Amino acid sequence: MFHCRLALVCVLAGFVWHTPALAWGHPGHQLVGSLADELIMGTNASKKVAAILGPQIRSLQTAATWPDCVRDVQRSSSGTFKYNDHSMYHSPACVPFEGAAERKRMEEFARRNWTNCPGEQGKPASECHKQFHFADVAVQHRDYKRTWAGTSDLDVVSAIQAAIGVLRNGPPATAPFSIKTKKEALFMLAHFVGDLHQPLHVGAIYLADDGSVVNPDSGSIPLAEVMQTRGGNKLEIGVSNLHSEWDDIPSSITLNGLKTGPGKKRRQAMIAAARAVEGMTGDLTLWPVTWASDTVTVAQNSFTGLRFSRKGVLKSGNWVVQFNDQTGYDNAKERVQQQQLVKAAANLAQLLKAIWP
Ligand SMILES: [Zn+2]
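Residues numbered from 1 in each chain as written. Predicted model: local features only at pLDDT ≥ 70, side-chain atom pairs only at ≥ 80, totals over all residues.

**Q** An account of the sheet that holds strand β11 (residues 319-323) is needed here, citing residue identities and associated values.
**A** Strand order in the open sheet formed by four strands is β9-β8-β11-β10, with mixed pairing between adjacent strands. In this open sheet, the two edge strands, each paired with only one partner strand, are β9 (240-241) and β10 (306-310). Of the strand pairs in this sheet, strand β8 (residues 235-237) and β11 are connected by two bridges, and their pairing is parallel. Paired with L235 across the strands is W319, a residue of β11. (Pairing = 2+ DSSP bridges. Helix = DSSP H or I, 4+ residues; strand = E, 2+ residues; numbered from the N terminus.)

Encoded structure:
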């Protein structure tokens, strides 16, 4: 079960809940899966992936959205778990998982991973699987360490490590995860390696009362004064927020945008860039730690050139983002998004080829 190595982590653990923004959204995850499908084509890993996913799901492109579809499993007051295909977040990307058997798989996964986390601020635990998608490492760091505030035994790095374990050795997964089959583990890997490369899914800023950026691990500021920004969900930009701005990818780099004309060339360039991503060596369960450290470093720039002013007086309230140069920021964001999606695909493919050489 979850345990707190530092009092600090315990204090902050209560605040690490994100609203239901979907990292990269379905289009970003589908793109990562699709590029990875191409990168492993013709390898043993490709055969294993196809065999585990079966003829209906078949590709990483389809599989990669699964953990976001699981978010639509709800628990009734009588304690039963039911997938809701009419939720406001419902997407065609989830349709491949809506046959009877796959629907049941989502409901069972959600049920088994519902209460395996500490409850928020003394409340009973629920929907714990939603914590698997992110970590909140203060961007002053240049690395991911399990002792930093905003990391946990259920964060995105831990989730990837648990999925790797099941794909290599079979279930059971390391606690606190409940992963019953290699299919569940592959669904997780295909998605969470994508999440791990979204800068705001790993790097976070913590603010002091006056809007200045503080490091919760420095020990120099009383913890009661440190405010979590929930992966940027609490940082408002008009009707949107900084987290959503990073989740949304430009239509030019969605699967459709890359299908024809100049998009086709751009996709080829992305594949070439993915093939050039540096190869990893050593213990593969440590690879996600290295990747998360890289993402924290990338996330530093995602918060550069921004100022934050408190909206209202409540400490739990949101912040309004002001840009030094919004056009410059947006242009840089699109470049970084493409770079991170490419890295995610390259690293997912590399990991699968290492699991099944
Ligand atoms: Zn996610």
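**Q** Before we move on, can you summarise the packing of helix α2 (residues 25-40) against helix α12 (residues 326-355) with the specific residues and values?
**A** Angle between the axes and distance between the axes are the two parameters that describe a pair of packed helices. At a closest axis distance of 8 Å, the pairing of α2 and α12 adopts a crossing angle of 45°. With respect to α12, the element α2 is oriented oblique. Considering how the two elements wind past one another, α2 and α12 form a crossing that is right-handed. In this structure, α2 contributes G28, L31, V32, L35, A36, L39 and I40 to the contact, and α12 contributes L341, A344, A345, A346, L348, A349, L352 and K353. (Axes fitted to C-alpha atoms, helices over the stretch in contact; angles between N-to-C directions. Parallel < 35°, antiparallel > 145°, perpendicular 65-115°, else oblique. Left-handed = near helix turned anticlockwise from the far one by under 90°. Contact = placed C-beta atoms within 7 Å.)

**Q** With reference to specific residues and values, describe the sheet that holds strand β5 (residues 206-207).
**A** Strand order across the open sheet formed by three strands is β6-β5-β7, with antiparallel pairing between neighbours. The sheet terminates laterally at β6 (213-214) and β7 (227-228), the two strands that pair on one side only.

**Q** Pulling in residues and values, what's your account of α2?
**A** A rise of 1.5 Å per residue sets the reference length of α2, with its 16 residues, at 22 Å; its end C-alpha atoms lie 23 Å apart and thus fit the reference within 8%. Burial runs high along α2: twelve of the 16 residues are buried. Burial in α2 covers these residues: P27, G28, H29, Q30, L31, V32, G33, L35, A36, D37, L39 and I40. Those residues of α2 that are buried are in contact with α3 (44-57), α4 (60-63), α8 (182-196), α10 (262-275) and α12. (Expected span 1.5 Å × (residues − 1). Buried ≥ 20, exposed ≤ 12 C-beta atoms within 10 Å, placed from the backbone.)

**Q** So what's going on with the nonpolar core? Residues and values would help.
**A** Ranked by internal contacts, the top residues of the largest apolar core, which has 92 residues, are V156, I160, A163, L189, F192, A345 and L348. With sequence-adjacent residues up to four places away left out, V156 is seen in contact with F132, H133, F134, A135, F192, D195, L196, H201 and V202. (Core = buried A, V, L, I, M, F, W, Y, C linked by C-beta atoms within 7 Å.)

**Q** So what about the pairing of β11? Which residues, and what values?
**A** One ladder, built from five bridges, connects β10 with β11; its direction is antiparallel. Opposite S309, over in β11, you have V320 as the bridge partner.

**Q** Now, about the packing of α2 against α10: what can you tell me, with residues and values included?
**A** Their axes nearest at 11 Å, the elements α2 and α10 cross at an angle of 65°. Considering how the two elements wind past one another, α2 and α10 form a crossing that is right-handed. Of α10, the residues touching α2 (which contributes L35, E38 and L39) are M270, I271 and A274. A class-by-class count of the residues in the contact of α2 with α10 yields five nonpolar, no polar and one charged. (Nonpolar A, V, L, I, M, F, W, Y, C, P; charged D, E, K, R; others polar.)

**Q** How would you sum up the environment of V193? Please name residues and give values.
**A** By the secondary structure assignment, V193 is in helix α8. Note: C-alpha distance between V193 and G54 (139 residues apart in sequence) is 21 Å. If sequence neighbours within four positions are ignored, V193 has contacts with I160, A344, N347, L348 and L351.

**Q** Any details on unusual backbone geometry? Residues and values, ideally.
**A** Trans is the prevailing form of peptide bonds, just as negative phi is the prevailing case for residues other than glycine. Here P171 and P172 are connected by a cis peptide whose omega angle stands at 5°. Position of P172 relative to the elements: it lies in the loop between α7 (156-169) and α8. The omega torsion across A175 and P176 is 5°, close enough to zero to call that bond cis. A positive phi angle, close to 65°, is found at R58, a residue other than glycine. Within the secondary structure, R58 is located in the loop between α3 and α4. Residue class for R58 comes out partly exposed when judged on the 14 C-beta atoms lying within 10 Å of it. Positive phi, close to 50°, is recorded for R230, a residue that is not glycine. When you line up the elements, R230 lands in the loop between β7 and β8. Take R230: there are 21 C-beta atoms within 10 Å of it, and that puts it in the buried class.

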